[in-house]
Amino acid sequence: MREKKRRKLFWFDTIDYRAAEAWLNEQAAHGWELEGIWPGPVAVFNPARRRDLQYAVAVDPTGGKGEREEAYLQLMEDAGWHKVERKPGIYIFASVPGANPAPLQTDPELEQKQFYQYLRRGWIASLVILIIVATLLAAYFFVVPAAERTPLFSFESLLEDNLVVSALALPLLLIYLVLSGASHLRYWRAGKRAIAAGSELPATSRRAAQARQIIAAVAAVLCVGGWIMGFVQTARRESVTFQDGLEAVAQAAETAPVLRAEDLGKDGWKPLSLDRTPGILLDRVSYSELADRTLITERFECRAAGLARWFAEDMVRAGVTVDVGGYYRPSIFPMEAVELGFEQSWICIGEGWSQILLREGNVVAVVNGPLDLSDPALPDILRERLQLH
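Okay, so let's go over this structure. (Residues numbered from 1 in each chain as written. Predicted model: local features only at pLDDT ≥ 70, side-chain atom pairs only at ≥ 80, totals over all residues. Heavy atoms only, no water.)

### A word on the overall build of the chain
In plain terms, the rule: Here a helix means four or more residues in a row that DSSP labels H or I, a strand means two or more in a row labelled E, and each is numbered from the N terminus. Contacts are residue-level and defined by heavy atoms, with any inter-residue pair within 4.5 Å sufficient. Here the Shrake-Rupley method, with its probe set to 1.4 Å, supplies the accessible areas, and only the displayed protein chains count as covering residues.
When its secondary structure is counted, the chain shows 9 helices and 16 strands. Long-range pairs, those at least 24 residues apart, make up 58% of the contacts in the chain with a sequence separation of at least 6. When the accessible surface of the chain is split by element, carbon and sulfur atoms take 58% of a total near 21700 Å².

Structure follows, in structure tokens:
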């Protein structure tokens, strides 16, 4: 029994209009008639009910204007071509039954001119955007002092799965733009040679069109996936706060890899919150206690030791201190490397508080509070409580 419908991916950009036309005619030769193109984009075919089916794909000459479009489509109907689908930049026509219409394009030079007339409308908007972006980047790199620049990607970017996933889309978008620009340059050169030889304009490569669309689709999926991952990460976060009762927070902290005031021999501290946040590149545990000051622990278990090294060293470069809620703020006090028996360790001494940053293997830990750095037992306490083995 023959299939009732067939769905195939429609890989073609505006510049690939001739390749799309050849592909659609191949489908017609195999007995399939285009029903339409869904978002995605997915081309839906039905079994063809006639053998004289032909397809023609033309660059949109109307600019999307109603009266011009209506007149253009009527002209095509009179010539034996019926509109099947309209995509951004192109029209897809099917031959009217029994019409045997003439090809849409007979003048290669006019055909290429029409294509670039359409393309020029998009180029103007793209050029404006490019100028704005270039101006902002120039101001960022040449006006803002290097010490005051915010890095485009930092240790804090790894804390949010939506940023991690979405960031992967940026290089893919750049690759897509480069490939698209190269395709336009090749089309222009091939068109010039065809016009000089008096032959038809060549179709672009289907493989190149497919590669561009796959890259664009993956980038779009990553952008949407990043948005979804943000919700997933929030849903997976486990949090116990003082609103659940101080005893509940204290019990949760007993087995958690965090430093408590009682581990330092201090009494009268109230546990505020304990949060566990799993992530793609690292798992985070945050804990805080309160007395006359705060005692804060942040522990990050990274997926690899190299990632943990970069994470810790980027924190040092940023020169930040951790605050309640896991917020990082620039500090006027410098981070200094010290030897505490760990693979990497730094300390920052403020007014009535200290911060220790440690890395052991794939684990990074930050402790901020009234720490006695002269206590010889402190490194062993940190190693045991933070599970830095």
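### Some remarks on the packing of aromatic side chains
Heads up, the condition is: By convention, a stacked pair of Phe, Tyr or Trp rings (six-membered ring in the case of Trp) has centres within 6.5 Å and planes under 30 degrees apart, an edge-to-face pair has planes over 60 apart, and any other such pair is tilted. When a residue's accessible area, from a 1.4 Å probe over protein chains only, is under 20% of the maximum for its type it is buried; when over 50% it is exposed; and in between it is partly exposed.
Per the counting criterion, the structure on display carries 12 aromatic pairs. Centre to centre, the rings of Tyr72 and Tyr91 are 5.5 Å apart; their planes meet at 45°, and the pair counts as tilted. In this pair, Tyr72 sits in helix H2 (residues 66-78) while Tyr91 sits in strand S6 (residues 90-95), placing the two residues 19 residues apart along the sequence. Tyr91 matches Tyr72 in its accessibility class, with the two residues each being buried. Taken together, the ring pairs connect Phe10, Phe12, Trp23 and Phe45 into an aromatic cluster.

### Focus: the pattern of salt bridges
For clarity, the threshold we go by: Each reported salt bridge corresponds to a side-chain nitrogen of Lys or Arg within 4 Å of a carboxyl oxygen of Asp or Glu.
One pass over the structure, following the stated rule, counts 17 salt bridges. With a shortest N-O distance of 2.4 Å, Asp16 and Arg212 are connected by a salt bridge. Here the residue Asp16 occupies a position in the loop between strand S1 (6-9) and helix H1 (17-29), and Arg212 occupies one in helix H6 (residues 206-236), the gap between them amounting to 196 residues. Between Asp263 and Arg260 there is a salt bridge, with the nearest N and O atoms lying 2.9 Å from each other. We note that Asp263, like Arg260, is buried. Three or more residues joined by partner-sharing salt bridges are found here, namely Arg260, Glu262, Asp263 and Arg385.

### Considerations on a nonpolar patch on the surface
The line we're drawing: What goes into a patch is any residue over 30% in relative accessible area without a salt bridge, connected to like charges within 9 Å or, for nonpolar side chains (Val, Leu, Ile, Met, Phe, Trp, Tyr), within 5 Å.
Taken together, the side chains of Val224, Trp227, Ile228, Phe231 and Val232 define a hydrophobic patch exposed on the protein surface, amounting to about 510 Å² of accessible area. Looking at where Ile228 falls in the secondary structure, it is placed in helix H6. Taking relative accessible area as the criterion, Ile228 reaches 40% and is therefore assigned partly exposed.

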